[in-house]
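# Examining the three-dimensional arrangement
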Amino acid sequence: MATPVLDVRGLAFAYPDGHQALFGVDLHVHRGERVALLGPNGAGKTTLVLHLNGILTAGAGSVAVSGMPVEQKNLKEIRRRVGIVFQDPDDQLFMPTVRQDVAFGPANQGIKGAALDAVVMEALERVGMAEFVDRPPHHLSFGQRRRVAVATVLAMEPEILVLDEPSSNLDPASRRELADILRSLDVTVLMVTHDLPYALELCSRSVVLHGGVVAADGATYDVLTDDALMAANRLELPFGFDPRSIGNVPH
Amino acid sequence: MGAGHGHRLFFHGHSPIHRAPAHWKLVALLAFMLTVVATPHHWYAAFGGYALVLVTVILTSRVPLLYIARRMVVEVPFVFFAVLMPFIATGPRIDVLGVSVSEPGLVAAGGFLAKATLGVVASLTLAATTEPVDLLRGLRTLRMPDQIVSIMSFMIRYLDVVTDELRRMVTGMRSRGCDPRSPRHWPMLARTLGALFIRSYERGERVHLAMLSRGYDGRMP
């Protein structure tokens, strides 16, 4: 089998204050997959995400991205390969204009001049935000800012796109537009979300994290229709939503 | 959130003043301010000349004078001190409208007020005719240290975010029957400001994480 894009083995981590968030997580994500990472608040989802690009370092176990271990000496390349889109676009967009912000990652990789401009425009076109290139981020709507946040990461040509709560705070139209964009991207995706219909719509596979371990890993449809599993992991479908009425979504 | 694409001090326009390179404008402002500050208090004609130069620049920029005038409220604290000066300064006293005031104090206050006003109007003119982004670029062209330009750029970027956050917190206070304007509730307001500081600090940490995640190595690209 090909080397997985994401290879997490026995990952355990405790915060300096003694709170242990992860107790041995195993997770493999292969090229081209779109995987939803589900779990209640406090399950360790964010902690896991911060290990994927070496912001946090494993207490025990290992993380590798396309075969490259996440270690101090590889961090620069790891952070190019793993693109994290954080939940609040105001945390992600810190430069005075959209252009400078999207250019930040590639510029750190040493891309300059016309090549940099081309990368920036291409990334913005992929999320349909090219016309806003010279606007300051705080003058954009929330949905537009989320899309620019995705572009800032796409500009780095990541091998895996990690999205933290991509649909949070979006109005239904922006939520659908973002789904269209994510579907159009030819990139491996790991999506942390509480939005179960969104997971079903976009990800054929779901991983449930609960209490710092992987509680389930399987087809999203099977996970969402397993009532006992759902209840045991504090997962609940929104009122009126029943995956069975849709049938198994072909991906 | 401001509408349009400018900052709230910026007045959109296409005059020669708007188009002039930001670093020239910065150097001009600095030179103007140094000249004003170095002028002795009693050279009244010189101050008239400075004012004339400023008004000419503003008229050329086609920024309405009222637009500048309204934003001059930032000067109010200085005016307050200037008004106090003739009363608390020592020296020979003269009568003005039947009130005995210190003569050197009065001259000093007049000069102080003139210099402050010229400075405020000149800065407002720069702000009204230059986008913040161009100002930062200008500062970089003038070889201002990178760290300082970065800090200023973050300040501009997050000013609206933090003011928005404060506005939401104050709305939250009001909704729960607390009036931030009444002195009785000032302790509450102070605690809110403390909480805002902590929130902003935590945001700073999250922004730093986001920067690291995109390959930041301590130098802005």
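A brief look at the structure comes next. (Residues numbered from 1 in each chain as written. Chains lettered and ligands numbered in written order. Predicted model: local features only at pLDDT ≥ 70, side-chain atom pairs only at ≥ 80, totals over all residues. Heavy atoms only, no water.)

## Quick look at the overall build of chain B
Under the convention used in this document: Secondary structure is summarised from DSSP: a helix means a run of H or I of at least four residues, a strand means a run of E of at least two, and numbering begins at the N terminus for each. Radius of gyration: over C-alpha atoms. The globule rule applied is 2.2 Å multiplied by the number of residues raised to the 0.38 power. Note on contacts: a residue pair is in contact if any heavy atoms of the two residues lie within 4.5 Å. Residue burial considers only the protein chains on display, and all accessible areas are found by Shrake-Rupley using a 1.4 Å probe.
Looking only at helices and strands, chain B features nine helices and two strands. Taking 17 Å as the expected radius of gyration for a compact globule of 221 residues, we find that chain B reaches 22 Å, considerably beyond that expectation. Overall, the C-alpha framework of chain B stretches about 65 × 50 × 30 Å when taken along its three principal axes. Sequence separation of 24 or more characterises 63% of the internal contacts of chain B that already satisfy a separation of 6 or more. Working note: accessible area of chain B is about 13500 Å², and carbon and sulfur atoms make up 71% of it.

## With respect to the pattern of salt bridges
As a reminder of what qualifies: Salt bridge criterion: a side-chain nitrogen from Lys or Arg within 4 Å of a carboxyl oxygen from Asp or Glu. The classification of residues rests on relative accessible area computed with a 1.4 Å probe and restricted to protein chains. Under 20% of the type maximum is buried, over 50% is exposed, and intermediate values are partly exposed.
Taken as a whole and judged by the stated rule, the model has 30 salt bridges over all chains. Between R203 of chain B and D91 of chain A there is a salt bridge, with its nearest N and O atoms 2.8 Å apart. Of this pair, R203 of chain B sits in helix α9 (residues 186-213) while D91 of chain A sits in helix α3 (residues 89-92), which puts the two residues in different chains. The class for D91 of chain A is buried, based on a relative accessible area of 3%. Here R183 of chain A ties to E201 of chain A by a salt bridge, and the two come within 3.5 Å at their closest N and O atoms. With a gap of 18 residues between them, R183 of chain A in helix α7 (residues 172-184) and E201 of chain A in helix α8 (residues 196-202) connect regions that are remote in the sequence. The exposure class assigned to R183 of chain A is partly exposed, which follows from its relative accessible area of 36%. Take E201 of chain A: its relative accessible area is 29%, and that puts it in the partly exposed class. One connected set of salt bridges, linked through shared partners, spans D88 and D91 of chain A together with E165, R199, R203 and R206 of chain B.

## Points about the interface of chain B and chain A
This is how the line gets drawn: Throughout, buried area stands for the accessible area (probe radius 1.4 Å) lost by two parts on being put together, summed over both. Polar contact is the term for a pair of N or O atoms within 3.5 Å; when the atoms are in protein, one must be able to donate a hydrogen and the other to accept it, and sequence-neighboring residues count only if both atoms are side-chain atoms.
Of the residues lining the interface, 29 residues belong to chain B; the matching set on chain A comes to 29 residues. When the buried surface of chain B facing chain A is broken down by residue, R157, S213 and R214 of chain B rank first, second and third, together holding 33% of it. At the surface where chain B touches chain A, the tally comes to five salt bridges. Among the ionic pairs, R203 of chain B bridges to D88 of chain A, the shortest N-O distance being 3.1 Å. For the pair chain B and chain A, the interface holds 12 residue pairs in polar contact (both at pLDDT 80 or more). The set of elements that each furnish at least two residues to the side of chain B that touches chain A consists of α7 (132-141), α8 (146-175) and α9 of chain B. Looking at the side of chain B that touches chain A element by element, the count peaks at eight residues for α9 of chain B.

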